[in-house]
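Fold and geometry: a report
The chain contents come next:
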Amino acid sequence: MAQFTVNDSYVAIQGHLMASGHFAEATIGEPAAWGDSGQLYGAIWTMGTRSPYVSFDSTTRVYDTRVRLYTQAFTSPLDSREFVLARAVQQIASDLAGDYTLGGTVRELDIAGQFGPPMRARWGHAAVAGVMYRIVDIDIGLVINNSSVTSI
């Protein structure tokens with residue numbers, strides 16, 4: 001049975017963000033600060049874990065993962081911020097759906113919600129180091145087998 005690591009999965013997601021051409025930087029973990037240039041930034045982290053399926057010889061583990069997109073809020077023109085975020089969300093969601101196992105680092109991405117909530121994107125605002133950002137949180141479950149290496 002294949003060995004999967006959450007570390008490799010996050011690196012694969014980070015690679016998708018950077019390959020999209022939308023992002024100035026993408027980090028694994030929450031940022032301490034971003035630049036204030038109005039560029040698009042991304043971060044990946046774990047929101048939690050759960051085991052929605054258990055059998056006699058197997059456990060399915062899901063790492064609830066957040067991909068947050070950031071761009072400085074309230075910069076002109078305002079509509080361009082929304083368009084930039086919408087294009088990035090569309091591409092990232094499409095890229096993740098097309099790389100269903102993240103290059104073999106997970107059993108599958110729970111895009112349709114077989115093991116919990118489906119992949120979703122929610123818009124909002126967040127302050128980081130005194131700067132207000134317009135954000136989009138893309139939440140997705142990374143499905144991993146019980147025999148997997150799950151170090152972070």
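Higher on the page you've got the structure.
Everything quoted here is computed from the prediction, not taken from an experiment. (Residues numbered from 1 in each chain as written. Predicted model: local features only at pLDDT ≥ 70, side-chain atom pairs only at ≥ 80, totals over all residues. Heavy atoms only, no water.)

Okay, a nonpolar patch on the surface next. A surface patch of nonpolar side chains, about 330 Å² in accessible area, is lined by Phe74, Leu78 and Met132. For Met132, the location among the structural elements is in strand β6 (residues 131-145). (Patch = residues over 30% accessible without salt bridge, like charges linked within 9 Å, V, L, I, M, F, W, Y side chains within 5 Å. Areas by Shrake-Rupley, 256 points an atom, 1.4 Å probe, with all protein chains shown as cover. Salt bridge = Lys/Arg side-chain N within 4 Å of Asp/Glu carboxyl O. Helix = DSSP H or I, 4+ residues; strand = E, 2+ residues; numbered from the N terminus.)

With that settled, consider the environment of Pro118. Following the sequence through the fold, Pro118 ends up in the loop between β4 (108-109) and β5 (120-128). When residues no more than four places from it in sequence are discounted, the contact partners of Pro118 are Asp110, Ile111, Ala112, Gly113 and Asp139. (Contact = heavy atoms within 4.5 Å.)

Another aspect to go through is unusual backbone geometry. You will see that Leu102, though not glycine, has its phi angle at about 50°, which is positive. Note that Leu102 resides in the loop between α2 (78-98) and β4. What makes Leu102 buried here is its relative accessible area of 2%. The phi dihedral of Ala129 is positive, around 50°, even though this residue is not glycine. With respect to the helices and strands, the residue Ala129 is situated in the loop between β5 and β6. Given a relative accessible area of 59%, Ala129 falls into the exposed group. (Buried < 20%, exposed > 50% of the residue type's maximum accessible area, 1.4 Å probe, protein only.)

Moving on, we come to the nonpolar core. Among the nonpolar cores identified, the biggest contains 27 residues, and Ile13, Leu17, Leu69, Leu102, Ile138 and Leu142 are the most heavily contacted of them. Mapped by element, the contributors of at least two residues to this core are α1 (6-19), β1 (23-28), β2 (40-54), β3 (59-72), α2 and β6. Element by element, the count of residues in this core is highest for α2, at six residues. Setting aside its immediate chain neighbours within four residues, Ile138 contacts Thr65, Arg66, Val67, Leu69, Val89, Ile92, Met119, Arg120 and Ala121. If you look at the next biggest cluster of nonpolar residues, it comprises ten residues, including Trp34, Tyr70, Val128 and Val131. (Core = buried A, V, L, I, M, F, W, Y, C linked by side-chain atoms within 4.5 Å.)

Taken residue by residue, a regular strand's side chains alternate between the two faces of the sheet. With twelve of 14 residues buried, β3 is to be regarded as a mostly interior element. The sheet contact formed by β2 and β3 spans twelve bridges and is antiparallel. Counterpart to Val54 in the pairing with β3 is Thr59. The turn joining β2 and β3, which pair antiparallel and follow one another in sequence, is formed by four residues. Bridge count for β3 against β6 is 13 bridges, and the pairing is antiparallel. Looking at the pairing, Thr60 lines up with Asn145 of β6. (Pairing = 2+ DSSP bridges.)

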